[in-house]
Amino acid sequence: MVPHTDLNAGAPSGIRWFLSGIDRLGRLDGWVGAICLMALTCLMLAEVIARAASNFFGIGPGVVPNAWEYSSYLMAAAFTFGAAMTLRGGGHIRVTLGLSNSGPVLKKLLETVSSAVACLATSYLTVAMVIFTWNSYSRGQVSISSGTIVWPPMALVTFGMALLALQFLARTIRAALDLPLEDPSMRASNPVE
């Protein structure tokens, strides 16, 4: 595990507070994503066990009701909740060909502009998801297959997207201020590395 140091120390105090807050939200975001992934795993294991018990021992219904629907909700939540922490930890796939052949000024400009564009795109997606979720809530929309109210899982995905948009905003600020863009303490530890 990499020891944690304040990578936002070079920022002005008001901005440092903002960036550190987004980092804390990113860590929470990662934990919620991990919990969703564990719940998804347990749900799929329960489905496999139910199927095996039915096929081999002739007991039980052979399925966990609505497992596939709920697993899709959990997968969407895990994906969006893990995105902000992954971005801060430097885990997203990037094409660095242009960056590796650029000088420091051009590299700073490319990082700042690309982060700002990504912030705008994820902000647009977040606003669209807020509208989509609100419409689902106001209409009382339910799932056809299970009768589940669908706005709560949509709200989770929307919140995860909002946190990703905030992380891109923080990355834009960090790039403009020449602060470290990635926090190694937020990376998943891998014993192979």
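Residues numbered from 1 in each chain as written. Predicted model: local features only at pLDDT ≥ 70, side-chain atom pairs only at ≥ 80, totals over all residues. Heavy atoms only, no water.

Draft legend 1. Geometry of the packing of aromatic side chains. On inspection of all chains with the given rule, the structure shows four aromatic pairs. Considering the side-chain rings of phenylalanine 81 and phenylalanine 159, the 6.1 Å spacing of their centres and the 55 degrees angle between planes classify their relative orientation as tilted. Placement of the pair is phenylalanine 81 in helix α2 (residues 67–89) and phenylalanine 159 in helix α5 (residues 151–176), with a sequence separation of 78 residues. Since its relative accessible area comes to 3%, phenylalanine 81 is described here as buried. Note on phenylalanine 159: relative accessible area 42%, which makes it partly exposed. Residues tyrosine 137 and tryptophan 151 carry aromatic rings whose centres are separated by 5.1 Å and whose planes lie at 85 degrees to one another, so their mutual orientation is edge-to-face. Here the residue tyrosine 137 occupies a position in helix α4 (residues 104–139), and tryptophan 151 occupies one in helix α5, the gap between them amounting to 14 residues. On the basis of relative accessibility, which here comes to 43%, the residue tyrosine 137 falls in the partly exposed class. An aromatic cluster is built from Trp134, Tyr137 and Trp151, whose rings are joined through pairwise contacts. (Phe/Tyr/Trp six-rings, centres within 6.5 Å; stacked < 30°, edge-to-face > 60°. Helix = DSSP H or I, 4+ residues; strand = E, 2+ residues; numbered from the N terminus. Buried < 20%, exposed > 50% of the residue type's maximum accessible area, 1.4 Å probe, protein only.)

Draft legend 2. Broad picture of the environment of leucine 97. Within the secondary structure, leucine 97 sits in helix α3 (residues 97–100). Taking the C-alpha atoms as reference points, leucine 97 and alanine 155, 58 residues apart in sequence, are found 37 Å from one another.

Draft legend 3. Local environment of the nonpolar core. Residues Ala83, Leu87, Ala118, Cys119, Met161, Leu164 and Phe168 constitute the largest nonpolar core, which totals seven residues. For this core, the elements supplying multiple residues, two or more each, are α2, α4 and α5. Looking at this core element by element, the count peaks at three residues for α5. Look past the residues within four positions of leucine 164 in its chain and what remains in contact with it is Ala83, Ala84, Leu87 and Thr122. Core analysis: the second largest hydrophobic core is formed by five residues, Ala11, Leu19, Ile22 and Ala170 among them. (Core = buried A, V, L, I, M, F, W, Y, C linked by side-chain atoms within 4.5 Å. Contact = heavy atoms within 4.5 Å.)

Draft legend 4. Structural detail: the side chain of threonine 133. Along the polypeptide, threonine 133 turns up in helix α4. When its relative accessible area of 9% is taken as the criterion, threonine 133 is described as buried. In this view, threonine 133 contacts Trp151, Met154, Ala155 and Thr158; residues no more than four positions away in its chain are not counted.

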